[in-house]
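Here is what each chain is made of, one letter per residue.
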Amino acid sequence: MQKIQNNKAWLLVLPVLVLVAFSAVVPLMTVVNYAFNDTFGNNQFFWAGLEWFDEMVHSDRLHGALGRQVLFSAIILAIEVPLGIFVALNMPKQSFWASFCLVVMALPLLIPFNVVGTIWQIFGRTDIGLLGHSLAALGVDYNYTNDPIDAWATVIVMDVWHWTSLVALLCYAGLQSIPQAYYQAAKIDQASRWAVFRYIELPKMKGVLLIAILLRFMDSFMIYTEPFVVTGGGPGNATTFLSIDLVKMAVGQFDLGPAAAFSLMYFLVIMLVSWVFYTVMTNLDKAEAGQ
Amino acid sequence: MAQITLENLAHSYSANPKSEADYALKEMNHVWQDGGAYALLGSSGCGKTTLLNIISGLLRPSQGRILFGAQDVTEAPTTQRNIAQVFQFPVVYDTMTVRDNLAFPLRNRGMDAAYIKSRVDQIAAMIGMEAMLARKAQGLTADAKQKISLGRGMVREDVNAILFDEPLTVIDPNMKWELRTQLKQLHRQFGHTMIYVTHDQTEALTFADKVVVMYDGRVVQMGTPEELFETPAHTFVGYFIGSPGMNFLDARIDGSKAVLTNGETVDLGARYGDLSGRTQIGVRPEHAVLTDQGGLPLSIRRIEDVGRHRIVRAELSGAVFNIILPEGEGLPADTPRVSFLPGKIGAYADDWRVAPHAMERAA
Amino acid sequence: MTLELQAVSRLVEGRVHIQPTSLTLQNGTMNVLLGPTLSGKTSLMRLMAGLDQPTTGRILWHGKDVTGQRVQDRGVAMVYQQFINYPGLTVYENIASPLRILGRPKAEIDRKVRETAEMLRLTPMLVRKPLELSGGQQQRCALARALVKGAGLVLLDEPLANLDYKLREELRVEIPRIFEASGAIFVYATTEPEEALLLGGNTATMWEGRVTQFGPTPRVYRDPVDATTARVFSDPPMNFTRCAKQGQILRFGEGVSASTQGSFAVADGEYMAGFRANHLSLHRGSADALEFHCSVIATEITGAQSFLHVSHGTDRWVGLVEGVQVLEPDQEISLWLDPRHIYLFDGEGRLAAPAAYAQAA
């Protein structure tokens, strides 16, 4: 076979490569540098080998943060995915109300993360916040700055408020691609509402749903801004998730070596989980198509 | 199973239709026999899909009633109409096996397992899918999926009617023959009332006992394939049925003669009264014969060999005129002329067929 | 002036899409690729267009090797089954778009757009947007876009498949006329034998990624080189039955036999006899017609003619007979066949003896 290769095409990708190099590769290499060295400033580095990694793997502090992080992501997914599907199923399919719902649903996604945090921080305050004050008036003992349960509830409700829209909008897009004939056929077959969901809507939504789960998992696993603004990781360490802990370690305590090792492992965990997701996803598709 | 009655039925998509033009479906009255095979034939936008949606309950008509047997179902939703429908594109439940797909309508109605199994096996044998029952529907070819859709349409024995919405669109020509014969056999075996919507004349004519030709929201003719071919009631039917369609020539009709615009006369073989409006005569390409003498002179534009016959595309009296030349027949040597088979010429006034006076027909 | 495929093949992930194919298309010809879905029509077209690269073989355009050359650098236009136009542009701008990309002068663009629109009867629609047009008009607009730049190779991939039957019939008559005016190489893919016959020109029949035969359309129809070609090029499907030649006699079982005097010049042995639906008759058409006892499965009426689906032993046949024939299922009937209409195929499916009628035609 005679295939003409035009290597000039690579030049077109060059700007992107340069940008990625500066924004990702260079900082990443800096982190790698910190992870394997000890430093006392002044650009003096001493080889530390795997010492920081060893320390981090056996750190109770890290185990605690990791546990809280996994729990948080699990709760978030368990609430947002079914809720998102439910919302998508009940959104109007056409007319003015469809556009209206889409805009309203998109609003939380457009708000900057720290603003979301601030909104909920104020919203939940018992003195001036609508939510906190109302709960107090109803006799509920609610104080997210003192009570770990209340703090968790606030952070979770906030995340649900912020991100369920994303799941719902993705599912909605999946639902819109189902031809009307399927619903008509289901009616004729006297399929129950559950059967319509189980055999028509869910299979057609599967692709977007897996993407939604992946996105929500990665985002929630790396969550930082909102809980930091609302609770600052407290009370105590109750809402100190991985990235909050990481920032405390690196910026608060200047433990650059352990923090770098920590962030590299963090990065690898996310990569690993995403890869597993992706592989399972594509294999599921192949298995079903190839049967 | 039931007879279907359309009573003063009409539909408009606009909320307050003003003129007749606002109606996608103009007022109609029809009774479709129990156990009949009907085809709704017309080009896109003729109202056939609107009518189908009214029968299936997807659409409430603006006026009139629709009855299944004696029961008025105008207001009844699809689920209560007890119908089956096969769509243009295969609608299968991808995550279910072929068996579950076929059994689905029966299971939803709480039939007992033994009956479902025997019925599904019977249907699977009929659509030739016994070997695939345990497979998942996903990943099957379009042909196979459409067979499943057909099977699911047939699986219930008690349906009032089975509706087909251009079900062979995605099927290869060779497979169409097989599926059409299967449909015919199924109809004969179960005697369901079947309504088949299509724009394809071959499918309509070969499937149905009665073909309902629709044009511009109206039923222009309902008849057997033979009636539509031999005596089209409207120029649209003449044009739409047959390949190529009927030839129409503007003519003045004078008793038993037609005078064409080029001055030539044609003997109609029957006497007509005074006709007003635009008058035409219609002749099928199959009923025109090329000759050396007699008949009318025409000029041949091109000849297409389509295998089992040839199509002669010619010009006669300022209009396009097609003639079908049977296989093995030659062309006349020099100046070609055309004559029409006796009794095969129709007269049309303002697009509608006019019957000759009965008395003089024999003469 | 030719497009030449030299032993071109294509494999994708180890599966054969196109078996080694050699084909020479002359300038100013209409070439039909006829075959069922997935027989390789689109794959072959993509190779011709340069959208895909062949795994082996070369493609020559006017004698010059263009294998591996980019699509943009070849003079190729393509029309698809879906009506693909720019929805935001008027019909005029749609037709003008290929010329604008080539940077032609304004006056030339205007002249060519109007000429092409006239040829495709789109002149009254020039100011409208594609979505305001009927399906037939939209596809004519797509055709105009393909024709306007004067591409030397125009590829049409089932362009009429999404149109109404009657509209299809009209455009089928129009396309050869348009094509004659343009002088390019046309390649037209279709699944329907009738469409191939109406378009005329040359036909390549395709089956499982292979061109089984290529030649003038009526020739391929009447002189198929093998049973596969005959099957692909018959609608209704060709009928087959076993037979044996012994001396001067061709035996079909149950006492039916034909004299091979002057025809069927083949060696003694087993053959597969093939004949088309329209050659079966309910009447004894000629003195030496063969009588077959068949059992009716179903009848279909098309107006002037009837299709008879019958079984003959283990064979299933379709007959196309004159008039309206209402026959009950399971009824025993006699169907007559003139031996002049029989093709003989050998054990491998190759044509052993052509039908006598086709030789005379």
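Computed from a predicted model, the values in this text were never measured in an experiment.

Parameters and conventions
- Residues numbered from 1 in each chain as written.
- Chains lettered and ligands numbered in written order.
- Predicted model: local features only at pLDDT ≥ 70, side-chain atom pairs only at ≥ 80, totals over all residues.
- Heavy atoms only, no water.
- Pairing = 2+ DSSP bridges.
- Helix = DSSP H or I, 4+ residues; strand = E, 2+ residues; numbered from the N terminus.
- Axes fitted to C-alpha atoms, helices over the stretch in contact; angles between N-to-C directions.
- UniProt positions renumbered as here; feature names shortened; annotations may be inferred.
- Contact = heavy atoms within 4.5 Å.
- Buried area = accessible area lost by both parts, 1.4 Å probe.
- Salt bridge = Lys/Arg side-chain N within 4 Å of Asp/Glu carboxyl O.
- Polar contact = N/O pair within 3.5 Å; in protein donor to acceptor, adjacent residues only side chain to side chain.
- Nonpolar A, V, L, I, M, F, W, Y, C, P; charged D, E, K, R; others polar.
- 1 Å grid on protein atoms, 1.4 Å probe; cavity = no way out; pocket = protein on both sides within 12 Å on 5 of 7 lines; lining within 4 Å.
- Points joined across faces, edges and corners; volume = space filled by probe spheres on them.
- Phe/Tyr/Trp six-rings, centres within 6.5 Å; stacked < 30°, edge-to-face > 60°.
- Buried < 20%, exposed > 50% of the residue type's maximum accessible area, 1.4 Å probe, protein only.
- Lys NZ or Arg CZ within 6 Å of the ring centre and 35° of its normal.
- Parallel < 35°, antiparallel > 145°, perpendicular 65-115°, else oblique.
- Left-handed = near helix turned anticlockwise from the far one by under 90°.
- Patch = residues over 30% accessible without salt bridge, like charges linked within 9 Å, V, L, I, M, F, W, Y side chains within 5 Å.
- Areas by Shrake-Rupley, 256 points an atom, 1.4 Å probe, with all protein chains shown as cover.
- Lys, Arg positive; Asp, Glu negative; His and termini not counted.
- Charge placed at Lys NZ, Arg CZ, Asp CG, Glu CD.
- Core = buried A, V, L, I, M, F, W, Y, C linked by side-chain atoms within 4.5 Å.

S.K.: Please clarify how the sheet that holds strand β6 (residues 76-79) of chain C should be interpreted in this entry.
M.R.: Residues and elements named next belong to chain C. Spatially, 6 strands are ordered β6-β7-β8-β3-β9-β10 in an open sheet, and the strand pairing comes out mixed. Both outer strands of the open sheet, β6 and β10 (210-216), are each paired with one neighbouring strand and no more. Put simply, the sheet's adjacent strands are angled 15° from each other on average, direction ignored. Relative to β10, strand β9 (residues 202-207) is paired through 6 bridges, and the arrangement is antiparallel.

S.K.: Would you take a moment to explain the UniProt feature "domain: ABC transmembrane type-1" (unreviewed entry) in chain A for this structure?
M.R.: Following the UniProt record, the feature "domain: ABC transmembrane type-1" (unreviewed entry) maps to residues 66-277 of chain A here. Taken end to end, residues 66-277 of chain A is 78% helix and 0% strand, and its two terminal C-alpha atoms sit 19 Å from one another.

S.K.: What's the story with the interface of chain C and chain B in this structure? I'm lost.
M.R.: Interface extent is often summarised as the accessible area lost during association of the parts. Opposite the 42 residues of chain C that make contact, chain B presents 36 residues. At the boundary of chain C with chain B, total buried surface from both sides reaches about 3,400 Å², with 53% on carbon and sulfur atoms. The largest share of the area that chain C buries against chain B comes from C:D164, C:Y165 and C:K166, three residues that together contribute 19% of it. Our count for the chain C to chain B interface comes out at 2 salt bridges. A salt bridge links C:E300 to B:R180; the shortest N-O distance between them is 3.1 Å. At the boundary of chain C and chain B, one finds 17 residue pairs in polar contact (both at pLDDT 80 or more). Elements supplying a minimum of two residues to the side of chain C that touches chain B: α5 (165-182), α6 (193-199), α7 (217-222), β16 (290-301), β17 (305-312) and β18 (315-322) of chain C. Looking at which element gives the most residues to the side of chain C that touches chain B, the answer is α5(C), with 8 residues. Taken together, the residues of the side of chain C that touches chain B break down into 21 nonpolar, 9 polar and 12 charged.

S.K.: What exactly am I supposed to notice about empty space enclosed by the protein here?
M.R.: With a probe scaled to a water molecule rolled over the atoms, the places where space remains empty come into view. With the rule as written, the count across this model stands at 2 cavities of 30 Å³ or more. Empty space within the largest cavity amounts to approximately 80 Å³. Around the largest cavity, the lining residues are A:A185, A:I188, A:D189, B:A84, B:Q85, B:V86, B:F87, B:S149, B:R152, B:G153 and B:R156. Residue assignment for the lining of the largest cavity shows that the elements contributing at least two residues are α8 (180-188) of chain A together with β6 (83-86) and α5 (142-154) of chain B. What lines the second largest cavity is A:Y182, A:Y199, A:I200, A:P203, A:K204, B:V92, B:Y93 and B:D94. Take the lining of the second largest cavity: its biggest share by element is 4 residues, from helix α9 (residues 193-221) of chain A.

S.K.: Sorry, what's going on with the layout of surface pockets here?
M.R.: All names here are of chain C. In this structure, the second largest pocket spans a volume of roughly 670 Å³. Surrounding the second largest pocket, 23 residues form its lining, V76, A77, M78, P98 and K149 being those nearest its centre. Contributing elements (two or more residues each) for the lining of the second largest pocket: β6, α2 (91-102) and α4 (135-148). Taken together, the residues of the lining of the second largest pocket sort by class into 16 nonpolar, 4 polar and 3 charged.

S.K.: Can you help me understand the interface of chain A and chain B in this one?
M.R.: Facing 19 residues of chain A, the contacting portion of chain B comprises 25 residues. At the surface where chain A touches chain B, the tally comes to 1 salt bridge. Inspection of the chain A/chain B interface yields 8 residue pairs in polar contact (both at pLDDT 80 or more). Secondary-structure elements contributing two or more residues to the side of chain A that touches chain B are α8, α9 and α12 (256-289) of chain A. Top contributing element to the side of chain A that touches chain B by residue count: α8(A), with 7 residues.

S.K.: Mind showing me how you'd approach the packing of aromatic side chains here?
M.R.: Any two aromatic rings considered together are summarised by their centre-to-centre distance and by the angle between their planes. Across all of its chains, the model carries 36 aromatic pairs over all chains by this definition. Their ring planes at 85° and their centres at 5.3 Å tell us that A:W97 and A:F100 sit as a pair that is edge-to-face. Here A:W97 and its partner A:F100 are both found in helix α4 (residues 95-110), 3 residues apart, which amounts to about one turn of the helix. By relative accessible area, which is 49% here, A:W97 ends up partly exposed. For the ring pair A:F113 and A:W163, a centre distance of 5.8 Å and an interplane angle of 90° mean the geometry is edge-to-face. Here A:F113, found in helix α5 (residues 113-123), pairs with A:W163, found in helix α7 (residues 148-176); they are 50 residues apart in sequence, far enough to count as distant. The class for A:F113 is partly exposed, based on a relative accessible area of 37%. These aromatic residues form a ring-pair network of at least three members: A:F217, A:F221, A:F262, A:Y266 and A:F277. If you follow C:K166 out to its NZ or CZ, it ends over the ring of B:Y239, 5.2 Å from the centre. It is C:R276 that lies over the ring of C:Y221; its NZ or CZ is 3.7 Å from the centre.

S.K.: I'm lost on the UniProt feature "transmembrane region" (unreviewed entry) in chain A in this one. Help?
M.R.: All names here are of chain A. Here, UniProt's "transmembrane region" (unreviewed entry) annotation points to residues 12-36, 70-89, 96-123, 151-175, 207-225 and 259-278. As annotated, residues 207-225 has a helix share of 84% and a strand share of 0%, and its two end C-alpha atoms lie 29 Å apart. With 100% helix and 0% strand, residues 259-278 has its two end C-alpha atoms placed 28 Å apart.

S.K.: Please explain the packing of helix α3 (residues 98-108) of chain B against helix α4 (residues 113-126) of chain B as it appears in this structure.
M.R.: The packing of two helices is summarised by the inter-axis angle and the distance between the axes. Residues and elements named next belong to chain B. Running from amino to carboxyl end, α3 crosses α4 at an angle of 130°, the nearest separation of the two axes being 10 Å. Here α4 runs oblique to α3, going by the angle between their axes. The element α3 and its partner α4 pack so that their crossing is right-handed. Residue-level contacts link R99, L102, A103, L106 and R107 of α3 to Y115, I116, K117, R119, V120, D121, I123 and A124 of α4.

S.K.: What am I meant to see in the UniProt feature "domain: ABC transporter" (unreviewed entry) in chain B here?
M.R.: Taking the numbering used here, the UniProt-annotated feature "domain: ABC transporter" (unreviewed entry) corresponds to residues 4-241 of chain B. Across residues 4-241 of chain B, the secondary structure splits into 37% helix and 24% strand, with the terminal C-alpha atoms separated by 25 Å.

S.K.: Explain the pattern of salt bridges to me, please; I cannot follow it from the model alone.
M.R.: Note on pairing: side chains with opposite charge can pair once their charged atoms come close. Residue and element names in this part refer to chain A. Throughout the structure, instances matching the rule amount to 44 salt bridges over all chains. Here E201 and R193 are joined by a salt bridge, their closest N and O atoms 3.2 Å apart. According to the relative accessible area criterion, E201 is buried, its value standing at 3%. Through salt bridges with shared partners, a single network forms among E80, D159, R216 and D219.

S.K.: Where do I start with a negative patch on the surface in this structure?
M.R.: Taken together, the side chains of A:E51, A:D54, A:E55 and A:D255 make up a negatively charged region of the molecular surface. Relative to the helices and strands, A:D255 resides in the loop between α11 (242-252) and α12.

S.K.: Help me understand the sheet that holds strand β14 (residues 269-275) of chain C, please; the structure alone is not making it clear to me.
M.R.: Sheet strands pair by backbone hydrogen bonding; their relative direction is either parallel or antiparallel. Residue and element names in this part refer to chain C. What the 6 strands build is an open sheet, ordered β13-β12-β11-β14-β20-β21; its pairing is antiparallel. Looking at strand neighbours, the two that pair on one side only are β13 (257-259) and β21 (351-353), the edges of this open sheet. Within the sheet, the average angular offset between the axes of one strand and its neighbour, ignoring direction, is 40°. Strand direction decides the pairing type here: strand β11 (residues 239-246) and strand β12 (residues 249-251), joined by 3 bridges, are antiparallel. Paired with K245 across the bridge in β12 is L250.

S.K.: What should I look at first to understand the nonpolar core in this one?
M.R.: Grouped burial of nonpolar side chains is what soluble globular proteins tend to show. In this structure, A:I85, A:C171, A:L175, A:I200 and A:F262 are the most contacted members of the largest nonpolar core, which totals 51 residues. At the level of elements, α2 (51-57), α3 (60-90), α4, α7, α8, α9, α11 and α12 of chain A are the ones that each hand at least two residues to this core. Considering each element in turn, this core owes the most residues, 9 residues, to α9(A). The contact partners of A:I200, leaving out residues within four places of it in the chain, are A:I178, A:Y182, A:A186, A:A195 and B:Y93. Judged by nonpolar contacts, the second largest core, of 49 residues, contains B:M129, B:M154, B:F164 and B:L186.

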